[in-house]
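Read off the chains here:
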Amino acid sequence: MSAILPPSERIWWNQPVDKLELTWISIAFVWALVMFGMMIWWHAYGNQNLANETYRTTKEMFAAKAQAVVDKYTVRTETELQVPVVAPPPGSDIYLIARLWAWWPIFELEHGKTYTLHLSAMDYMHGFSLQPQNINIQVHPNYEHVIKITPNARGTYSIVCNEFCGIGHHTMAGRLYVK
Amino acid sequence: METTYRICPRSGLQFEDQAEKLMRFHAVCGVLSLLVGGIMALGVILTRWPAVHLLPADIFYLVLTAHGVDMLIFWIIFFEMAVLIFASSTLLRCRIATPKIAWFSSWLMVVGAIMTNIAIFQGESSVMFTSYVPMQAKWHFYLGLILFAVGALLICFVFLGTLVVAKAENTYEGSIPLVTFGALTACIIAIFTIAGGAIILVPTFFWSIGYIREIDTLMYRVIWWSLGHSSQQINVSAHVAIWYAIAAIVFGAKPMSEKVSRTAYFLYILFLQLASAHHILSDPGMSSEWKIVNTSYFMYFAVFASMIHGMTVPGAIEQAQRLKGYNKGLFEWLRKAPWGNPAFSAMFLSLVGFGFLGGITGVMMGAEQLNMLIHNTIYVPGHFHATVVVGTTLAFMGLTYFLVPALFKREVMFPGFAKIQPYLYGLAMYIVSLVMMGAGTLGVSRRHWDMAFAGAPMAYEWPGAAYLMMGLTGIFGVVAIVGGAGWILQIVLSIFFGKKLEGGEQRSIPQVLTLPPPTPGGAAHPPATPGTLVLALVFLTAFILYYFVNWKYLSSLWGLS
Ligand code: HEM
Ligand SMILES: [Cu+2]
Ligand SMILES: [Cu+2]
């Protein structure tokens, strides 16, 4: 007579299903299909999709590419640590390094222009968390993740680390300008 | 092996001696883990409460690791082992298969749990319960987890063996009860899950002692989550089984349709394993096709199954209540429910909170692109405190109110507190989940010692609302801890000092479970359940609104491609 006893009818799989129950099952099924379709639709028509373009890399290789961009386009430095502020031309490739416990360098980008951002970590995993936009992406060592970004609002942004990366995790915050 | 059986005079259930002792053992180990995890929760919450900010950073990360491990792994799995034994030996009225192996495995789990805790409290294993490489814990952190998992795996096999014993010795007629079917689902998922765990934790253990040079971070995350996520499906299967069980115990509720409920469980087995991909949605290296297939096709079948259970459990209660004559309007059956019975109120709060707070948010963040909005923010713990705390833990607490008299033969002490405990703990946890999700929506990071970024050269300043949310997390977190600590105290005191109850006669042969008589009035015409459908539609409306609000939010972000 209940869920902790065997079903009272031996042939329970022939019992008709309640009408309202069936209604709900159909609604739930349609809703699941809508949600499935939504992700695909967004790939076709939405503007926020993570490209899954990824390459294997090494720490040295990635650091060298980042250094090359910094050498070419640094416009000034900030803080006592002399973090370079880099203003690459629109359309170019920019390399952001995540390491214990800093994001390096600082980029100065132009509003409405598209850049190709490359992300990789030098040691542990880190979490790219762009604030106050709230775009969050996992950053792995030895993987180079390539994403085209188009800033749509001017301002000063922060990049917070939101993957636990050791005792200095809470000091790992960087900066990014959009002009 | 000689054994005895006793029929509990209060519940009518039959407990076999060895099974009964094993259940008590696991329940007690579970509660002890909850106690340690709960003390850690206090440390976590008092540090994340910005105005208090109690612990230094290194202790905070240690405490957070212990909190995650003791709660999510040890408390829940110990208790689940008790549920497996209950659903097999007790519900099928048979002896437990291979009690010696069961005891050996139980002690293995205890040794593993202690070993991992020692590693954590020694202080060089603050790697969080996920232990992502290349951050390394001490070897005994991993070894303890492996031993614990092996013990749990063996008990899964004892569970299956017990089903075979029941069948072979004809201790029941017809099919196994729905609750046992749910436990079987949990057990099958557990076996898969632990296999996934072994594939990743064993190499990680060898890496920690220097036999393996490097473990790929992405591979680790993908395989680890086949353990980490699927084990949440064990929890869902187990606590849904407990919802059905409590509905049956409190109301005599009969499942609306055995066919539908069992098929829904079966969907869990087929699809849940593969849904683990939603932890990798904001990672590089996996294709969008892979992500969408795994999250939608597979996960939505599981979600679909949960939506079915979410309706059939209250539906069964509504039918039972209407048969008793609570027929007025849409909701008399619900108003006249025993809200003062903690087993029922815990179960109902668990169901509603799991669906509205845990379910909707889980599906939202499981959409490939939306995941970026909350990945690694405190939204994530907000979501899973609605699933594993409100959903699983609260359901377990509710069941315990029933187990203390039935299994421990003691009366629950402080019945006045018992009446309010589920509300105190459950509703406070509703709020904690909500405000954590609120803070996460504003971007606040999880596993983060200081939202003020003390000592950072380029600190970010969170908006005032984020501080407010984290302050509320602190306040209601403390309230929830009071509710949880009160429960532990109450249960432990009752077990030791509660009024002793009659155990029922001991017999040497089990009493066979005969097929219950067909429902009077004919099962073909149970009352309709319009109230439940209305509740389900309210749920769906909330779901749809919340889902699309997040797409709207996503559309305002920088272009990404
Ligand atoms: C009253 C009780 C509880 C409170 C106040 C509480 C509070 C918290 C908070 C604030 C966090 C997030 C910390 C951060 O990421 O910085 C957290 C993490 C967590 N909690 Fe709880 N919690 C409680 C009970 C539980 C229970 C019962 C479970 C499991 C069944 C649980 C499982 C977890 C897990 C798995 C984490 C994640 C740890 C990590 O990120 O590694 N908690 N808890
Ligand atoms: Cu970091
Ligand atoms: Cu970090």
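Note that the structure is predicted; figures quoted are calculated from it, not measured.

Before going further, it helps to spend a moment on the pairing of strand S3 (residues 83-86) of chain A. Residue and element names in this part refer to chain A. Residues Val 83 and Val 85 line one face of S3 and the alternating positions Pro 84 and Val 86 line the opposite face, and both faces are buried. Examined bridge by bridge, strand S2 (residues 74-78) and S3 share four bridges and lie antiparallel to one another. Residue pairing in the sheet places Glu 78 in a bridge with Val 83 of S3. Count of turn residues in the S2/S3 antiparallel hairpin: four residues, of which Thr 79 carries a positive phi of about 60°. By the bridge criterion, two bridges tie S3 to strand S6 (residues 106-109) in an arrangement that is parallel. When the bridges of S6 are listed, Val 86 appears paired with Phe 107.

Turning to the interface of chain B and chain A, a few remarks are in order. Every contact between the two is made by 116 residues of chain B and, on the other side, 86 residues of chain A. Together chain B and chain A conceal approximately 9,000 Å² of surface at their shared face, both sides included; 67% is due to carbon and sulfur atoms. Area buried by chain B at its contact with chain A is led by B:Met458, B:Trp558 and B:Leu560, which between them contribute 11% of it. Across the chain B-chain A interface, the total number found is two salt bridges. Salt-bridge contacts for B:Asp216 lead to A:Arg56; the nearest nitrogen and oxygen are separated by 3.4 Å.

Turning to the domain arrangement of chain A, a few remarks are in order. Each assigned domain of chain A is listed here: domain 1 (1-49) and domain 2 (53-178). Using C-alpha coordinates to define each centre, domain 1 of chain A is positioned 43 Å away from domain 2 of chain A.

For the rest of this paragraph, the subject is the sheet that holds S2(A). Two orientations exist for strands paired in a sheet by backbone hydrogen bonds: parallel and antiparallel. Residues and elements named next belong to chain A. As summarised here, the arrangement of the seven strands in space is S2-S3-S6-S12-S11-S8-S9, forming an open sheet in which the pairing is mixed. On the outer flanks of this sheet lie S2 and strand S9 (135-139), each paired with one strand and no other. Geometrically, the sheet is characterised by an average inter-axis angle of 25° between neighbouring strands, direction not taken into account.

All names here are of chain B. Across the sheet, three strands lie side by side as S2-S1-S3; this open sheet has antiparallel pairing. This sheet does not close on itself; its edge strands, each paired only once, are strand S2 (14-16) and strand S3 (506-507). Here strand S1 (residues 5-7) pairs with S2 via three bridges, running antiparallel. In the sheet register, Ile 7 faces S2, and the bridge partner there is Gln 14.

Residue and element names in this part refer to chain A. A grouping of Phe 29, Leu 33, Phe 36 and Ile 40 is seen on the molecular surface, where their side chains present a nonpolar patch of about 340 Å² in accessible area. Tracing the backbone through its elements, the reader meets Leu 33 in helix H1 (residues 19-45). Among the residues examined, Leu 33 registers a relative accessible area of 48% and is labelled partly exposed.

Rules behind the numbers
- Residues numbered from 1 in each chain as written.
- Chains lettered and ligands numbered in written order.
- Predicted model: local features only at pLDDT ≥ 70, side-chain atom pairs only at ≥ 80, totals over all residues.
- Heavy atoms only, no water.
- Buried < 20%, exposed > 50% of the residue type's maximum accessible area, 1.4 Å probe, protein only.
- Helix = DSSP H or I, 4+ residues; strand = E, 2+ residues; numbered from the N terminus.
- Pairing = 2+ DSSP bridges.
- Contact = heavy atoms within 4.5 Å.
- Buried area = accessible area lost by both parts, 1.4 Å probe.
- Salt bridge = Lys/Arg side-chain N within 4 Å of Asp/Glu carboxyl O.
- Domains from an automatic or database assignment.
- Axes fitted to C-alpha atoms, helices over the stretch in contact; angles between N-to-C directions.
- Patch = residues over 30% accessible without salt bridge, like charges linked within 9 Å, V, L, I, M, F, W, Y side chains within 5 Å.
- Areas by Shrake-Rupley, 256 points an atom, 1.4 Å probe, with all protein chains shown as cover.

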